[in-house]
Amino acid sequence: MLTIKLLLKKITPEQLFMGSVLLVNGGNYIYNLLLGRLLGPAAFAEAALLITLLLVLSFVGMTFQLATAKFAVLFSGDQWSSFKNRSYKHATIFGIIAGILIILFSKNLQELFHTKSHWMFILFGIGVPLYFFMSVNRGNYQGNQDFKNLSITYQTEMWSRLLITLALLLFVPLESSFLVALGIGISFIFGLIPSDLKGLSFSSKTKLLPENAKRVTKFMVLTACYEFTQIIINNSDILLVKHYFDALDAGLYASLALIGRVVYFVAWMFVMLLLPTVVQKQKDGEPTAPILFKYVGYIGLLSAVIVTACYLMPEFIITVMFGDAYISMAGLLWQYALATSLFAIGNIFAYYFLSLDHYVPVILSGLLGMSQIALVVFYHDTLEVVVHVQIIAMALLLAVQIIYFLLKKSKL
């Protein structure tokens, strides 16, 4: 018992957060695997669509989270209080508008993605405002490097979604997509535990100084543009496959994407640690490149291990995770993992530039993100072709990020 206490004392908050994120990713994978096994490929395609929409939502929410995290480092006193109140207010208003739009166009979304019902979109839209409010709360913890409470918010969201959705599917005789959407919506409520709402006011009299308001607007526009490109790059393939292919192929591809994206989900953990650290070092006048090299090294090593494992034993991985019904995707597993690995490494570069307020990589990422959509739209004869064009797009994206970094470094 004493040894365990000593060990816990030696664990840094950053290490605690990294362990927590690995656990959250593991829980999310269990969630996806259980859905795949319980529902089968065709029904899983609709569940995977909801999961993809959740990922889209998380990218939009990251605009609020990263902005809150950055200015938690840079602001203090009344300026921080004003900014925090403003962030909660704007996130809530944006969430309400987005939720209403999803509800109003739910039947159009049903037709676009060929789902059985539009009610899954209505439930999802109801939960959207909670998600954006939760994103600001997490940004507050992230910027103040309160990794303990930040970890708890991710744990409460993930475990509640897993357990509630599983219970609903097993015991409630309703449409599976409706139940999955309900489980996702309820998990947003649990994701608000814990919350730092001390002094929160939507009608705060304290205003940001004009120069600070300008910095905030500039960063949020820059971040929103980049997060939009992330939505395009990370989710367009699943949505386009759902549109161009039948339900069986879409479900098979969804399983491939969920396995292959493990690298990206782990890379996201390093992004959470990178941004406040880089901002703080820039503020203190210290070199920031060593932080970039450190995390690129971690992701590069992890990527190599995962791609190699997917190449050597794809049938085993797919059978264990999803079952024999998905085995036809074995040959594409390592190739999809390679595309995701290239994207994950490029993403570390991009968030590094974002932390330093560099615009050019955001513009380039947007152009390359659109090129990925164009490639899939024009080349989608088979699922194999869809994967191959993504490898090309992601390789170009990483190459551009590296060239930009080297050019910046040589100028300095």
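Residues numbered from 1 in each chain as written. Predicted model: local features only at pLDDT ≥ 70, side-chain atom pairs only at ≥ 80, totals over all residues. Heavy atoms only, no water.

A. Examining the packing of helix H8 (residues 210-244) against helix H13 (residues 333-355) more closely. Where H8 meets H13, the axes come as close as 12 Å, and the angle between the chain directions of the two elements is 180°. One finds that H8 runs roughly antiparallel with respect to H13. Packed against H8, whose contacting residues are Phe 219, Leu 222, Thr 223, Tyr 226, Glu 227, Gln 230, Ile 233, Asn 234 and Asp 237, the element H13 presents Tyr 336, Phe 343, Asn 347, Ala 350, Tyr 351 and Leu 354 at the interface. Classifying every residue of the contact of H8 with H13 gives nine nonpolar, four polar and two charged. (Axes fitted to C-alpha atoms, helices over the stretch in contact; angles between N-to-C directions. Helix = DSSP H or I, 4+ residues; strand = E, 2+ residues; numbered from the N terminus. Parallel < 35°, antiparallel > 145°, perpendicular 65-115°, else oblique. Contact = heavy atoms within 4.5 Å. Nonpolar A, V, L, I, M, F, W, Y, C, P; charged D, E, K, R; others polar.)

B. Representation of the nonpolar core in the model. By size, the foremost hydrophobic cluster in this structure holds 140 residues, and its most contacted members are Leu 35, Phe 44, Tyr 253, Ile 348 and Tyr 352. Looking at this core element by element, the count peaks at 27 residues for helix H2 (residues 13-74). Setting aside residues up to four positions removed in sequence, Phe 44 forms contacts with Asn 32, Leu 35, Gly 36, Leu 39, Gly 251, Ala 254, Ser 255, Leu 258, Phe 322 and Tyr 326. (Core = buried A, V, L, I, M, F, W, Y, C linked by side-chain atoms within 4.5 Å. Buried < 20%, exposed > 50% of the residue type's maximum accessible area, 1.4 Å probe, protein only.)

C. Structural detail: the packing of aromatic side chains. Going through the model one piece at a time under the given rule, you end up with 20 aromatic pairs. A ring pair is formed by Phe 71 and Phe 219, whose centres lie 5.8 Å apart and whose planes are at 90°; its orientation type is edge-to-face. With a gap of 148 residues between them, Phe 71 in helix H2 and Phe 219 in helix H8 connect regions that are remote in the sequence. Ring pairs connect the aromatic residues Phe 293, Phe 349, Tyr 352, Phe 353, Tyr 404 and Phe 405, which therefore count as one cluster. Above the face of the Tyr 154 ring, Arg 138 is positioned so that its terminal group lies 3.8 Å from the ring centre. Across from the ring centre of Tyr 31, 5.8 Å away, lies the NZ or CZ of Arg 161, which sits over that ring. (Phe/Tyr/Trp six-rings, centres within 6.5 Å; stacked < 30°, edge-to-face > 60°. Lys NZ or Arg CZ within 6 Å of the ring centre and 35° of its normal.)

D. Inspection of H13 at higher detail. Taking 1.5 Å of rise per residue, the 23 residues of H13 would be expected to cover 33 Å, and the 33 Å separating its terminal C-alpha atoms lies within 8% of that figure. When you tally the buried positions in H13, you get 21 out of 23 residues, the bulk of the element. One or two residues past the end of H13 sits Asp 357, with phi positive at roughly 65°. (Expected span 1.5 Å × (residues − 1).)

E. Focus on the side chain of Thr 223. Along the polypeptide, Thr 223 turns up in helix H8. Under the relative-accessibility criterion, Thr 223 is labelled buried at 0%. Ignoring anything within four residues of it in the chain, the contact list for Thr 223 reads Met 62, Thr 63, Leu 66 and Leu 354.

F. Expanded view of helix H14 (residues 360-378). For H14, which comprises 19 residues, the first-to-last C-alpha distance of 27 Å matches the rise-based estimate of 27 Å (1.5 Å per residue) to within 8%. What H14 keeps buried is the set Pro 361, Val 362, Ser 365, Gly 366, Leu 368, Gly 369, Gln 372 and Val 376.

G. How the structure looks around the environment of Leu 101. As for its placement among the helices and strands, Leu 101 is situated in helix H3 (residues 77-104). Judged by its relative accessible area of 43%, Leu 101 falls in the partly exposed class. In this structure, the C-alpha to C-alpha distance between Leu 101 and Leu 35, residues 66 residues apart in sequence, is 27 Å.

H. Structural context of the packing of H2 against H3. Direction vectors running N to C along H2 and H3 enclose 175°, while the axes themselves pass 10 Å from each other. Taken together, the axis directions place H2 and H3 in an arrangement best described as roughly antiparallel. Contacts between H2 and H3 involve Val 60, Phe 64, Ala 67, Thr 68, Phe 71 and Ala 72 from the first element and Trp 80, Phe 83, Ser 87, His 90, Ala 91 and Phe 94 from the second. Across the contact of H2 with H3, the residue classes tally to nine nonpolar, three polar and no charged.

I. How the structure looks around the pattern of salt bridges. Counting across every chain of the model gives three salt bridges. Put simply, Glu 157 and Arg 138 hold a salt bridge, and the shortest N to O gap is 2.6 Å. With Glu 157 in helix H6 (residues 147-171) and Arg 138 in helix H5 (residues 119-143), the pair connects residues that are 19 residues apart, well separated along the chain. Just as Glu 157 is buried, Arg 138 falls in that class too. Connected through shared salt-bridge partners, Arg 138, Glu 157 and Arg 161 make up one network. (Salt bridge = Lys/Arg side-chain N within 4 Å of Asp/Glu carboxyl O.)

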